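Observations on the three-dimensional arrangement
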Amino acid sequence: MSKYTKEEIIRIVEEEDVEFIRLQFADIFGALKNVAITSSQLGKALDNKCRFDGSCIEGFVRTGESDMYLYPDLDTFLIFPWRPQQGKVARIICDICTADGTPFTGASRFVLKRQIAEAKKMGYSFNVGPECEFFLFHQDENGQPTTITHEKAGYFDLGPVDLGENARRDMVLTLEEMNFEVESSHHEIAPAQHEIDFKYGEALMTADNVMTFKLAIKTIAKRHGLFASFMPKPKQGENGSGMHINMSLSKDGKNIFDDPNGELGLSREAYYFIGGLMRHVKGFTMITNPLVNSYKRLVPGYEAPVCIAWSTTHHSPLIRIPGERGEETRVELRSPDPAANPYLALAVCLASGLDGIRNKIEPPDAVPPDAPGVTRKMRRALGIEDVPADLNEAVEAFKRDEFIQGVLGEHISGKYIEAKESEWTQYRAQVTPWEIEEYLYKI
């Protein structure tokens, strides 16, 4: 059942003195885009008649096929709490269609909706809870971001050591005004690093919420004279920022991952879901970790996963099963980072898990609870493989996984490969300060 009708949105806009409406969508790399209209054009927008030039959006279409239309999802209507009280600003997240009303296959939101429909055919609904980490840095005199911070706080520290505490509090209050159910917030391990967690929900709503979350965090940070960065690894020698994804499947209102009589309290479907993730993780790492910088986080010693293993106790493997059971039973994938397009990241995770269930893919044994961790010796002994070590490895793994390419479709797969190969080529051509320091005087 829809949350809003067209008539209700028009009435709210009039009653709340909303003057501007931002019609938002994401490009294939997860960058938020929008077309702003005035309230006088709202009826036209709600009738799916707002057109834009798709050739101007990276990864969309060529100039000759550029006419695209915005189809607002009425349930995503939201008034921004940080804009003026007179002449307010609202937003509606949109799907992208071609001139004949056909969904555009290069739209990442469509890719996720397609996988949700596949899950529904199997009787499942997909629930997701993300854990979004970010840094708060100073800006320079021109308002441009830096990686400078004066604070030295660590995990769970509080003010006055945590200099970002006031900004984080305002972020939480703003998110709650935007109907987020914020479960917790805290300082993370690295100086200037923070985490705000909101309640899990249905996958499409969660992906929309991640996009909104990032916009809200950046907006409130700027009001405090700070810059919020979701870059995976902005500081050498410090922990990077992840976006752990907690997942569960429900059927007839019951969490099917839970089985009190099953091994470790998990159902066979939960094991198969884990097996599917582990089978395809190399193929989808380019999507969940899309930047050259993403792989600076996936290195030993910083609590980010480097090996394809799972555990109920250890935090270092790729997948962890948190201790809660019942309706809280879930699978936590720890490799993704906040640079990922959330629509595509959730789509490949869901598709991989469903593939595991369909084909009854058994995962390997879990890392023993009494083991000190997943050591290099253990990896060799058990044949545990590593996640891709860099973007080039991830691209090549993606090329080999036809299943994941099929999930994304030919358009997005081709555009991603082209863009990421170009990114890797540009990166390889760089001469870094480390190389100058290490080699210049020796040669």
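Higher on the page you've got the structure.
Each value, and the rule that gives it
- Residues numbered from 1 in each chain as written.
- Predicted model: local features only at pLDDT ≥ 70, side-chain atom pairs only at ≥ 80, totals over all residues.
- Heavy atoms only, no water.
- Helix = DSSP H or I, 4+ residues; strand = E, 2+ residues; numbered from the N terminus.
- Rg over C-alpha atoms; globule rule 2.2 N^0.38 Å.
- Buried < 20%, exposed > 50% of the residue type's maximum accessible area, 1.4 Å probe, protein only.
- Expected span 1.5 Å × (residues − 1).
- Polar contact = N/O pair within 3.5 Å; in protein donor to acceptor, adjacent residues only side chain to side chain.
- Salt bridge = Lys/Arg side-chain N within 4 Å of Asp/Glu carboxyl O.
- Contact = heavy atoms within 4.5 Å.
- Axes fitted to C-alpha atoms, helices over the stretch in contact; angles between N-to-C directions.
- Parallel < 35°, antiparallel > 145°, perpendicular 65-115°, else oblique.
- Left-handed = near helix turned anticlockwise from the far one by under 90°.
- Nonpolar A, V, L, I, M, F, W, Y, C, P; charged D, E, K, R; others polar.
- Core = buried A, V, L, I, M, F, W, Y, C linked by side-chain atoms within 4.5 Å.
- Patch = residues over 30% accessible without salt bridge, like charges linked within 9 Å, V, L, I, M, F, W, Y side chains within 5 Å.
- Areas by Shrake-Rupley, 256 points an atom, 1.4 Å probe, with all protein chains shown as cover.
- 1 Å grid on protein atoms, 1.4 Å probe; cavity = no way out; pocket = protein on both sides within 12 Å on 5 of 7 lines; lining within 4 Å.
- Points joined across faces, edges and corners; volume = space filled by probe spheres on them.

In this section: the overall build of the protein chain. Along the backbone of the protein chain there are 12 helices and 16 strands. In terms of overall dimensions, the protein chain is globule-like: its C-alpha atoms have a radius of gyration of 22 Å, near the 22 Å expected for 443 residues. When its C-alpha atoms are laid out on the principal axes, the protein chain stretches across 65 × 55 × 45 Å. In the protein chain, which comprises 443 residues, the share counted as buried stands at 52%.

Attention now moves to helix 5 (residues 203-223). Three- or four-residue spacings in an α-helix give side chains the same orientation, since the helix completes a turn every 3.6 residues. Look at helix 5: 30 Å from first C-alpha to last across 21 residues, which is about the 30 Å you get at 1.5 Å a residue. Counting buried positions along helix 5 gives 15 out of 21 residues, so the element sits mostly inside the fold. Of the residues flanking the start of helix 5, the one acting as N-cap is Glu 202, its side-chain oxygen 3.0 Å from the backbone nitrogen of Leu 204. Of the residues one or two after helix 5, Gly 225 is the one with positive phi, at around 75°.

Taken as a whole, this structure holds 20 salt bridges when the rule is applied. Between Glu 332 and Arg 334 there is a salt bridge; the shortest N-O distance is 3.4 Å. Of the residues examined, Glu 332 reaches a relative accessible area of 2% and is grouped as buried. In this structure, the salt-bridge partner of Lys 420 is Glu 423, at a minimum N-O distance of 2.8 Å. Residue Lys 420 and its partner Glu 423 are located together in helix 11 (residues 402-428), separated by 3 residues, close to a single helical turn. Owing to a relative accessible area of 21%, Glu 423 belongs among the partly exposed residues under this scheme. Linked through salt bridges whose partners overlap, the residues forming this network are Asp 73, Asp 95, Arg 109, Lys 113 and Asp 208.

Next up on the list: the side chain of His 194. Mapping His 194 onto the fold places it in strand 9 (residues 193-198). Judged by relative accessible area, which is 0%, His 194 ranks as buried. In contact with His 194, not counting residues within four places along its chain, are Cys 132, Glu 133, Phe 134, Leu 136, Glu 151, Asp 162, Gly 164, Arg 168, His 186, His 187 and Glu 188.

Helix-helix packing: each pair is described by the crossing angle between the helix axes and the interaxial distance. In contact at an axis separation of 9 Å, helix 4 (residues 165-177) and helix 5 are set at 135° when each is read in the N-to-C sense. With respect to their mutual orientation, helix 4 and helix 5 come out oblique. When you trace helix 4 past helix 5, the crossing you get is right-handed. Packed against helix 4, whose contacting residues are Ala 167, Asp 170, Met 171, Thr 174 and Leu 175, the element helix 5 presents Phe 213, Ala 216, Ile 217, Ile 220 and Ala 221 at the interface. Classifying every residue of the contact of helix 4 with helix 5 by side-chain character gives 8 nonpolar, 1 polar and 1 charged.

Look at helix 3 (residues 108-121) against helix 11: their axes get within 10 Å of each other, and the N-to-C directions meet at 155°. By the criterion of interaxial angle, the relationship of helix 3 to helix 11 is roughly antiparallel. Of the two elements, helix 3 crosses helix 11, and the hand of that crossing is right-handed. Judged by residue contacts, Ser 108, Val 111, Arg 114 and Gln 115 of helix 3 engage Gly 406, Val 407, Leu 408, Gly 409 and Ile 412 from helix 11.

Of all hydrophobic cores here, the largest spans 92 residues; its most connected members are Leu 23, Phe 60, Ile 96, Phe 126, Leu 249 and Ile 319. Those residues in contact with Phe 60 that lie beyond four places of it in its chain are Phe 25, Ala 26, Asp 27, Ile 28, Phe 52, Gly 54, Met 68, Ile 96, Phe 104, Gly 106, His 411 and Lys 415. Judged by nonpolar contacts, the second largest core, of 26 residues, contains Val 89, Met 178, Ala 228 and Met 243.

Attention now goes to a nonpolar patch on the surface. Residues Val 431, Ile 436 and Leu 440 make up a contiguous nonpolar surface patch of roughly 310 Å² in combined accessible area. The topology assignment puts Leu 440 in the segment after helix 12 (433-439).

Here we take up the layout of surface pockets. Taken as a whole, the largest pocket encloses approximately 750 Å³ of empty space. Surrounding the largest pocket, 39 residues form its lining, Glu 131, Glu 195, Asp 197, Asn 246 and Glu 332 being those nearest its centre. Ranked by residues supplied to the lining of the largest pocket, first place goes to strand 7 (residues 125-138) with 5 residues. Its residues assigned to classes, the lining of the largest pocket shows 9 nonpolar, 14 polar and 16 charged. Taken together, 21 residues line the second largest pocket, and the ones lying closest to its centre are Lys 3, Asp 75, Thr 76, Met 205 and Asn 209. For the lining of the second largest pocket, the element with the highest residue contribution is helix 5, accounting for 5 residues. Counted by class, the lining of the second largest pocket contains 8 nonpolar, 4 polar and 9 charged residues.

Honestly, that's just the spatial picture; any functional story needs more than this.
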